[in-house]
Amino acid sequence: MPPEELQSRLFDLQDVGYREFHLRTCPQARNMIGVRVPEQRKLAKEIIRGDFWQFLDQIKLHYYEEVLITGIVIATAPMGLAERLDYTAWFVPQIGNWAVCDTFCASFKPKAKDLPQLWDFILQYRTSKKEYELRFLFVMMLDHFLLPEYLPRIFTLLNEIKSDYHYVEMAKAWLVAELFTKFRNETLDYLQRDQLSVFAHNKAIQKARESLRVSSADKQLLSSMRL
């Protein structure tokens with residue numbers, strides 16, 4: 001599917017009511033047409049069934065949906081890890097809002113053998129000063145690295161990476177809350193000595209307490225740990 005055909009198809013699928021709703025939840029989005037995510041995923045699959053290499057080489061990212069669909073194609077098209085990471089390095093600076101970031105990260109389906117290389121790749125963003133490059137780093141950890149062997153490294157990065165960006169701090173809180181549901185004892189110990197901001201620390205506790213996977217006793221314990 002050529003990029004110009006994609007634009008035409010997107011406008012055919014436009015839902016103005018959905019656009020207004022989504023802009024309220026994602027005000028950073030720019031040039032949104034208003035197409036629901038399931039429809040965008042269908043278009044991405046159609047692109048992948050065709051010459052997706054040509055699509056990726058020709059696409060000029062302007063509309064919100066073009067960015068999101070391109071991210072899905074990069075994350076899911078059948079290509080080698082090296083090619084996927086090359087396109088990812090090009091794509092990450094194009095991310096301008098939490099919705100594109102989170103959908104892109106969740107679309108990856110890495111094989112276990114590829115995780116070490118993927119980990120090394122995402123670490124390049126640990127020194128970034130850009131909000132969504134940092135969020136990309138933490139959401140990729142959340143989606144693909146909640147594994148025992150990565151736990152110490154994640155805790156270290158949570159402490160070392162400082163940011164005043166709201167969507168970075170929210171990602172850190174979300175990550176810690178999910179860690180608590182999977183690694184209760186280790187995360188509890190971390191929360192007793194973490195170097196998170198007060199906002200991220202308290203938001204992590206709030207999100208963990210909202211989880212149905214956390215016991216009532218642990219919810220009470222977490223409540224007592226608020227700063």
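Quick caveat: nothing in here was measured; it's all calculated off a predicted structure.

> Before we move on, can you summarise the overall build of the protein chain with the specific residues and values?
The secondary structure content of the protein chain amounts to 14 helices and zero strands. Across the protein chain, helices and strands are ordered from the amino to the carboxyl terminus as α-α-α-α-α-α-α-α-α-α-α-α-α-α. For a compact globule of 227 residues, the expected C-alpha radius of gyration is about 17 Å, and the protein chain comes in at 19 Å, within 12% of that figure. Projecting the C-alpha coordinates of the protein chain onto the three principal axes gives extents of approximately 55 × 40 × 30 Å. Taking all 227 residues of the protein chain together, 52% fall into the buried category. Intrachain contacts of the protein chain at a sequence separation of at least 6 include 69% that bridge at least 24 residues.

> Which residues make up the packing of helix α5 (residues 64–76) against helix α7 (residues 98–107), and what values go with them?
Two numbers describe how α5 lies on α7: the axes approach to 8 Å, and their chain directions differ by 20°. One way to sum up the angle between α5 and α7 is to call them roughly parallel. Handedness of the α5/α7 crossing: right-handed. Between α5 and α7, the contacting residues are Tyr64, Val67, Leu68, Gly71, Ile72, Ile74, Ala75 and Thr76 on the first element and Ala99, Val100, Thr103, Phe104 and Ser107 on the second.

> An account of the pattern of salt bridges is needed here, citing residue identities and associated values.
Pairs can form between side chains of opposite charge whenever their charged atoms are close. Considering all chains together, one arrives at eleven salt bridges under this definition. Between Arg9 and Glu46 there is a salt bridge; the shortest N-O distance is 2.8 Å. In this pair, Arg9 sits in helix α1 (residues 3–12) while Glu46 sits in helix α3 (residues 37–49), placing the two residues 37 residues apart along the sequence. Since its relative accessible area comes to 27%, Arg9 is described here as partly exposed. When the shortest N-O distance is used, the salt bridge between Lys172 and Glu169 registers 3.7 Å. With Lys172 and Glu169 both in helix α11 (residues 166–182), this residue pair falls three residues apart, about one helical turn. Overlapping salt bridges, with partners in common, bring together Glu5, Arg9 and Glu46 in one network.

Conventions we followed
- Residues numbered from 1 in each chain as written.
- Predicted model: local features only at pLDDT ≥ 70, side-chain atom pairs only at ≥ 80, totals over all residues.
- Heavy atoms only, no water.
- Helix = DSSP H or I, 4+ residues; strand = E, 2+ residues; numbered from the N terminus.
- Rg over C-alpha atoms; globule rule 2.2 N^0.38 Å.
- Buried < 20%, exposed > 50% of the residue type's maximum accessible area, 1.4 Å probe, protein only.
- Contact = heavy atoms within 4.5 Å.
- Axes fitted to C-alpha atoms, helices over the stretch in contact; angles between N-to-C directions.
- Parallel < 35°, antiparallel > 145°, perpendicular 65-115°, else oblique.
- Left-handed = near helix turned anticlockwise from the far one by under 90°.
- Salt bridge = Lys/Arg side-chain N within 4 Å of Asp/Glu carboxyl O.

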